[in-house]
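Understanding the architecture of this molecule
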Amino acid sequence: MGVAGNIRGVRLRRAVALSVAGLMAAPALVLGSGASAQAASCTTSTGPYQKQVENYLHRTVDGKQSAADCKAIQSFQRTYGITPDIGYAGPITWQTMKTLTAQKAAGKNPNKDKKCPTNKGRIACVDLTRQLSWIQDGAKLKYGPVPIRSGRNGYETRTGAKKIYLRRIKHWSSLYHVWMPYSQFFDGGQAFHSVGLKMWNPPGSHGCVNMRDADAKAYWNLLKNGDDVYVYGRKPGT
């Protein structure tokens, strides 16, 4: 190779070593600054539902965003899986608060208005408006009500009288490439099943009735093929 070649080789190996060392050190700096930026991100903008959100969170209702308001809103958003969680009092945050209020008001009498049939025996009821589901036997409540996550705009969960026709404890969706544990299909590809998301996480499912893991398991144990399902109402925002 010669002397010149040896010198070039030594320089090249040193350059590579320095590059590798730099790459090894870089992630700590990038991750550190990114995490700090994420933790500090909190908007100063006043949202269109500022007063309503302030009132819900028992803040001073002045319609003006403050640092304390932002932190309170951000905490709510993170608790309920609302994204982006930057403390902005926007329509998704306010709608989630209204839905939570309606869900709490349902208490242990979700079918007070008798919209879900009471003459069918065992039936799973799904109220899209309140994003609630429960199982009743006649007029007797057997399980719930529990929060659900139904179809987003353009993928709405279809309403009407249905029946469970297929049950798979661990179904793989070839369409969306996700696992659907405790799947109970009641209308084409629409089913009750468990997801690893908060039930208030926007914008919604692709038509299925998403449930928390414990609730999906309970539905699996209480229902069987041929049982009735009744879906009514309309998901807010669709």
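Scroll up to find the structure.
Criteria and cut-off values
- Residues numbered from 1 in each chain as written.
- Predicted model: local features only at pLDDT ≥ 70, side-chain atom pairs only at ≥ 80, totals over all residues.
- Heavy atoms only, no water.
- Disulfide = S-S within 2.5 Å.
- Helix = DSSP H or I, 4+ residues; strand = E, 2+ residues; numbered from the N terminus.
- Buried < 20%, exposed > 50% of the residue type's maximum accessible area, 1.4 Å probe, protein only.
- Expected span 1.5 Å × (residues − 1).
- Arc of directions from axis to C-beta.
- Contact = heavy atoms within 4.5 Å.

Right, let's talk about the state of the cysteines for a bit. Per the counting criterion, the structure on display carries two disulfides. The disulfide bridge from Cys42 ends at Cys70, spanning 1.9 Å between sulfur atoms. Its S-S torsion of approximately -125° makes the covalent link between Cys42 and Cys70 left-handed. Placement of Cys42 in the loop between α1 (3-40) and α2 (50-56) and of Cys70 in helix α3 (residues 67-79) is noted, with a sequence separation of 28 residues between them. When its relative accessible area of 30% is taken as the criterion, Cys42 is described as partly exposed. Overall, the relative accessible area of 1% leaves Cys70 in the buried class. Linked covalently through their sulfurs, Cys116 and Cys125 form a disulfide whose S-S length is 2.0 Å. What sets the handedness of the Cys116 and Cys125 disulfide is the S-S torsion sign, and at about -85° it is left-handed. Assessed through its relative accessible area of 0%, Cys125 is described here as buried. Counting its disulfide-bonded cysteines in sequence order, the protein shows a connectivity of 1-2, 3-4.

To continue, consider α3. If you check α3, its first and last C-alpha atoms are 18 Å apart, about what 13 residues at 1.5 Å a residue would give, namely 18 Å. Looking only at α3, the buried set comprises Asp69, Cys70, Ile73, Gln74, Phe76 and Gln77. Seen end-on, α3 carries its buried residues on one side only, within an arc spanning 160°. Exposed residues lying more than 90 degrees from the buried face of α3 are Ala67 and Lys71. Elements in contact with the buried residues of α3: α2 and α4 (91-106). A positive phi of about 70° marks Gly81, the residue just after α3.

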